[in-house]
Amino acid sequence: MIRLIGGEMPSWTEDQPAAGGALLRYVVEQLPTDAEVLVAGPHDAALIEALAARGPVTCLVRSQTEANALAATGVDVLCGSLPKLDSERWDAVVALDGVGRLCSVEGPQLDWAESLAVLKRALRPGGTLLLTVENALGVHRLVDPATATAVQDDSAWRPLGEFDDSRPGTPARLTARLADEGLTADWFGAVWPTPAAPTLITTPAALDDGPAGALAALTASALAVAYAEKSVLSDPRRLSSAAVRAGLGAELAAGWLVVAHLAPRTAPVLQLPAVLLGDGPLGERALPEGRLLEELLLEACLSGDLPALRRLLTGWMAALPEATAENIVVDHDTFVALDPNVAAAPDALRRFARTLLTGGYAHPWPAFTELSALTAILHGAAGLPGDYPAVMDGEDPLVPDSRREHEEQLRALRRELADAASRAEFYEKLLTKREKELQKARRQIAAFSDKAGYRFVKLGYGVARKARNRLRKGKK
Amino acid sequence: MHHANHFYGHAHVLAEYCGLDPAKPPRIDGYVQHGWNVVDGLGPGTPYAPGKPIFLWSEQTRRRAWSMGRRQATVIGAPFLYLLEFAAPPVDPVRRGTIWYPFHGWERQDVEGDHRRLIDEIMATEQGPVTFCLYWHEYRNDQVRATYEKAGRVICHGYRGNQWLDTDIRFLHNQLAELRAHERVASNRLSSAIFYGVAAGCRPAVYGDPMQLESEDLSTAERIRRQWPELHGKHPDPAAAGPAALAELGAGYLASPAELRTMFGWAHDRAAAAA
């Protein structure tokens, strides 16, 4: 059934994908089966279907086209703008797309805090709110070449970006804003790689207690998938990994997913684990202790620690030669694959060489700027036999297309070019010098090749030497 | 690349380590540090082809080279350490006395100082027999050699070579054999010989009139004394002196033969193409 509540947009279709994915679906499936749920804003069909299979669902959307499509699937639909939401109440409100797409172009444009107030009012006493909040300073924003305040999409009719001061900027402020509305946070998770389609959610406690290395690696791999070939300012993998290791993981996450409830209720209605990955909890799989191999290798390269670098390379090639450095966690001398399901890469060393070169990282072999030469050196440093690796070629994995790396490559190329030019000049001078020496030697050989000539030239040399010496004395 | 690569038979030792003919080392596509110094590892005034790799002994030297604008440096450790990797053990393992390296001049700078007084101090300090090892420059000076011959055995490891000519390619081999025959290695200046001695199992000492090169600025010599006090004195503590000496040689940083072959441009296909 569809109810038009006012402010609906008759011919509008959302131009950005709805919130969803396997992980968000898992989260909503943890709601009690008998709960009446309002799904506020665009969410993907699978998520709504999963909820509808459990109990009564009402969807709130601003697009009439989408409202019709939803109604056709059998769920109740409210179509219109958030301020028109009336006195109806639900056991749970799911707003995993955030509050940015709840108001239509018609009528008041609520800011973040006002939107939260309306969503809260839609809860019955003791009701539960599932809310995603985008982090305006999250990794996805920090690496985005486009500014949130200059978006030209049809949906960006009010591109406030980070200028909505009511939107909380830290996990602590988010909890405080919820408390202002009488909402108690039961569970709080930092999400990667994007707020609308997370594949990794962890609690700040998990980030603090670790294993930080593995969690940092997981954020990096989540971002690697989402940002393969995407244009970015800088590599989001390094940024998030450094943030997690520095204790700023939650603060720089793409967003936050919070489960909160209204009084009176003492126990939360849904229980979520500390780490959610892929399509649900880790389950039996424990996260390995230790640091990501790629980061350890880079650290050894940057600090010029060749002994450590050789140890890592040797251990890697002995333990998991076909796993890439970004998929291995190292704990002392133990090398463990982070995700054992990733396809084998016989050219793993070459891929790391490529990371060194394209990332512009300082490393112990700066004069070797060719991928094949650097791979061959790494191969030798790993203690592998033979001069050239049998497997040298492979498909290069898609990696974030980073502006910072472009800059670095430009700088490196300019330097190489300048070096090549100076080298040409150097050889030119050397050649000229050698040519002169050769000419002199040839003249001497010619002169000394017959006896009379030899005597004559010897005499000439003697006279010339005397004249030179006299001149020198005269100068003194 | 540069004739200094062949000094002391360095290129020859490295070729042997890489499994190539030590008599005919292929051209090294870069510059191998030929002696210990406290600058960028290259000899002063070495004409450098920009962008070519510089192969240095130690990480400390690499950092210093970087600070001096040398960007293409790779640490490989001293060639002497490579020799230790494959040299046969000494025939006679007994060590006796001290091998003493008086600070040497070179082709363009003579050393100034009183050799006689230095010898007296050495003989008063050393317990066992003393072997004096002179650099070829002093060794060929009959007067200087005779002064030392009065006090002990006098040797010379050979001629380091110049412009690829007359290089004694067994220089380091000779030096290793002599070092292994002595308990102590000593000099009046901290130098490669002291470091090599430590690597070859000698206890080091640096004492006596440090002498002076013609028109030498002594600030560097003084800096060296300040930086490595653990290596100076008549009887430095080997526990502190040993690691300091080995670090200067780049112990622990040696590259595998495969790495060296690639870095030097000695990999099989390239070496074959160049031949």
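Please read all numbers here as calculations on a predicted model, not as lab measurements.

Draft legend 1. Molecular detail of the overall build of chain A. Secondary structure assignment for chain A yields 15 helices and 16 strands. Relative to the compact-globule value of 23 Å for 476 residues, chain A shows a C-alpha radius of gyration of 34 Å, a clear excess of over 25%. Principal-axis analysis of the C-alpha atoms gives chain A an extent of 125 × 50 × 45 Å. Taken over 476 residues, chain A has a buried fraction of 39%.

Draft legend 2. A look at the overall build of chain B. Scanning chain B for helices and strands turns up 12 helices and 10 strands. Radius of gyration (C-alpha) of chain B: 18 Å, near the 19 Å computed for a compact globule of 275 residues. Principal axes of the C-alpha set define a box for chain B whose edges measure 55 × 40 × 40 Å. The 275 residues of chain B split such that 48% are buried. Put simply, of all contacts in chain B between residues at least 6 apart along the chain, 62% involve residues at least 24 apart.

Draft legend 3. Examining the confidence of the model for chain A more closely. Across chain A, the average pLDDT comes to 91, with 97% of residues at or above 70. The element-level mean pLDDT for chain A is lowest in helix H15 (residues 451-475) of chain A, coming to 79, with strand E2 (residues 37-40) of chain A highest at 98.

Draft legend 4. The arrangement of the packing of helix H12 (residues 348-358) of chain A against helix H13 (residues 371-381) of chain A in detail. Residue and element names in this part refer to chain A. Relative orientation of the contacting elements H12 and H13 amounts to 120°, with a least axis distance of 9 Å. By the angle class used here, H12 and H13 are oblique. Between H12 and H13 lies a crossing whose hand is right-handed. Seen from H12, the contacting residues are Leu 349, Arg 350, Phe 352, Ala 353, Arg 354, Leu 356 and Leu 357; seen from H13, they are Leu 371, Leu 374, Thr 375, Leu 378 and His 379. Tallied by class, the residues present in the contact of H12 with H13 amount to eight nonpolar, two polar and two charged.

Draft legend 5. Examining helix H7 (residues 171-180) of chain B more closely. Buried residues dominate H7 of chain B, accounting for eight of its 10 residues. Taken together, the buried positions of H7 of chain B are occupied by Phe 171, Leu 172, His 173, Gln 175, Leu 176, Glu 178, Leu 179 and Arg 180 of chain B.

Draft legend 6. Expanded view of the sheet that holds strand E3 (residues 57-61) of chain A. Residues and elements named next belong to chain A. The 11 strands are arranged E1-E4-E3-E2-E5-E6-E10-E7-E8-E11-E12 in an open sheet whose pairing can be described as mixed. The open sheet has two free edges, formed respectively by strand E1 (2-6) and strand E12 (280-281), since each of these has just one partner strand. Set on the sheet, helix H8 (residues 212-226) makes contact with strand E7 (183-192), strand E8 (200-202) and strand E11 (275-277); between it and E8 the angle comes to about 150°.

Draft legend 7. Region of the structure containing the sheet that holds strand E14 (residues 328-331) of chain A. Residues and elements named next belong to chain A. A sheet is described by the order of its strands in space; here three strands give the open sequence E13-E14-E15, paired in antiparallel fashion. Looking along the sheet, the strands with just one partner apiece sit at the ends: strand E13 (291-292) and strand E15 (334-337). Where E13 and E14 come together, two bridges link them in antiparallel fashion. Directly across from Arg 291, in E14, lies its bridge partner Val 330.

Draft legend 8. Region of the structure containing the nonpolar core. Residues and elements named next belong to chain A. Counting residues in hydrophobic clusters, the biggest one holds 186 residues, and the most contacted among them are Val 39, Val 93, Val 94, Leu 130, Val 258, Leu 293 and Leu 297. Tallying contributions element by element places H8 first for this core, with nine residues. With sequence-adjacent residues up to four places away left out, Leu 297 is seen in contact with Leu 309, Leu 312, Ala 325 and Phe 352.

Draft legend 9. Structural view of the packing of H13 of chain A against helix H11 (residues 257-264) of chain B. One way to put it is that H13 of chain A packs onto H11 of chain B with a least axis distance of 7 Å and a crossing angle of 160°. Classified by the angle their axes make, H13 of chain A and H11 of chain B are roughly antiparallel. Handedness of the crossing formed by H13 of chain A with H11 of chain B: left-handed. Side by side, H13 of chain A and H11 of chain B meet where Ala 373, Ala 376, Ile 377, His 379, Gly 380 and Ala 381 of chain A of the first sit next to Ala 258, Glu 259, Thr 262 and Met 263 of chain B of the second.

Draft legend 10. Quick peek at H13 of chain A. Taken across its 11 residues, H13 of chain A has eight buried, putting it largely inside the fold. Looking at H13 of chain A, one finds that the buried residues are Leu 374, Thr 375, Ala 376, Ile 377, Leu 378, His 379, Gly 380 and Ala 381 of chain A. The elements touched by buried residues of H13 of chain A are helix H11 (306-319) and H12 of chain A together with H11 of chain B. Once H13 of chain A ends, the next one or two residues include Gly 383 of chain A, with phi positive near 75°.

Draft legend 11. Inspection of the environment of Gly 20 of chain A at higher detail. All names here are of chain A. Note that Gly 20 resides in the loop between E1 and helix H1 (22-29). Under the C-beta neighbour-count criterion, Gly 20 is labelled buried, with 21 such atoms within 10 Å. Taking the C-alpha atoms as reference points, Gly 20 and Trp 157, 137 residues apart in sequence, are found 24 Å from one another. Dropping the residues within four chain positions of it, Gly 20 is found in contact with His 43, Asp 44, Ala 46, Leu 47 and Ala 197.

Draft legend 12. The arrangement of the pairing of strand E6 (residues 123-134) of chain A in detail. All names here are of chain A. The buried fraction of E6 is high, at nine of 12 residues. In this sheet, E6 lies alongside strand E5 (residues 90-95) in parallel orientation, the contact comprising five bridges. Counterpart to Ala 92 in the pairing with E6 is Thr 128. Where E6 and strand E10 (residues 255-262) come together, seven bridges link them in antiparallel fashion. When the bridges of E10 are listed, Val 133 appears paired with Trp 256.

Draft legend 13. Up close: the environment of Asp 29 of chain B. All names here are of chain B. Note that Asp 29 resides in the loop between helix H1 (10-17) and strand E1 (31-32). On the neighbour-count criterion, Asp 29 (17 C-beta atoms within 10 Å) is partly exposed. A sequence separation of 170 residues divides Asp 29 from Ala 199, and the C-alpha atoms of the two residues are 27 Å apart.

Draft legend 14. Representation of unusual backbone geometry. Looking along the chain, the bond that leaves Trp 192 of chain A and enters Pro 193 of chain A is cis, with omega of -5°. With respect to the element layout, Pro 193 of chain A can be found in the loop between E7 and E8. One non-glycine residue, Glu 229 of chain A, lies in the positive phi region at around 70°. By the secondary structure assignment, Glu 229 of chain A is in the loop between H8 and strand E9 (231-232). Classification of Glu 229 of chain A by C-beta neighbours within 10 Å gives exposed; the count is 10. In this structure, Tyr 8 of chain B is a non-glycine residue whose phi angle is positive, near 55°. Mapping Tyr 8 of chain B onto the fold places it in the segment before H1.

Cut-offs applied
- Residues numbered from 1 in each chain as written.
- Chains lettered and ligands numbered in written order.
- Predicted model: local features only at pLDDT ≥ 70, side-chain atom pairs only at ≥ 80, totals over all residues.
- Helix = DSSP H or I, 4+ residues; strand = E, 2+ residues; numbered from the N terminus.
- Rg over C-alpha atoms; globule rule 2.2 N^0.38 Å.
- Buried ≥ 20, exposed ≤ 12 C-beta atoms within 10 Å, placed from the backbone.
- Contact = placed C-beta atoms within 7 Å.
- pLDDT = per-residue confidence, 0-100.
- Axes fitted to C-alpha atoms, helices over the stretch in contact; angles between N-to-C directions.
- Parallel < 35°, antiparallel > 145°, perpendicular 65-115°, else oblique.
- Left-handed = near helix turned anticlockwise from the far one by under 90°.
- Nonpolar A, V, L, I, M, F, W, Y, C, P; charged D, E, K, R; others polar.
- Pairing = 2+ DSSP bridges.
- Core = buried A, V, L, I, M, F, W, Y, C linked by C-beta atoms within 7 Å.

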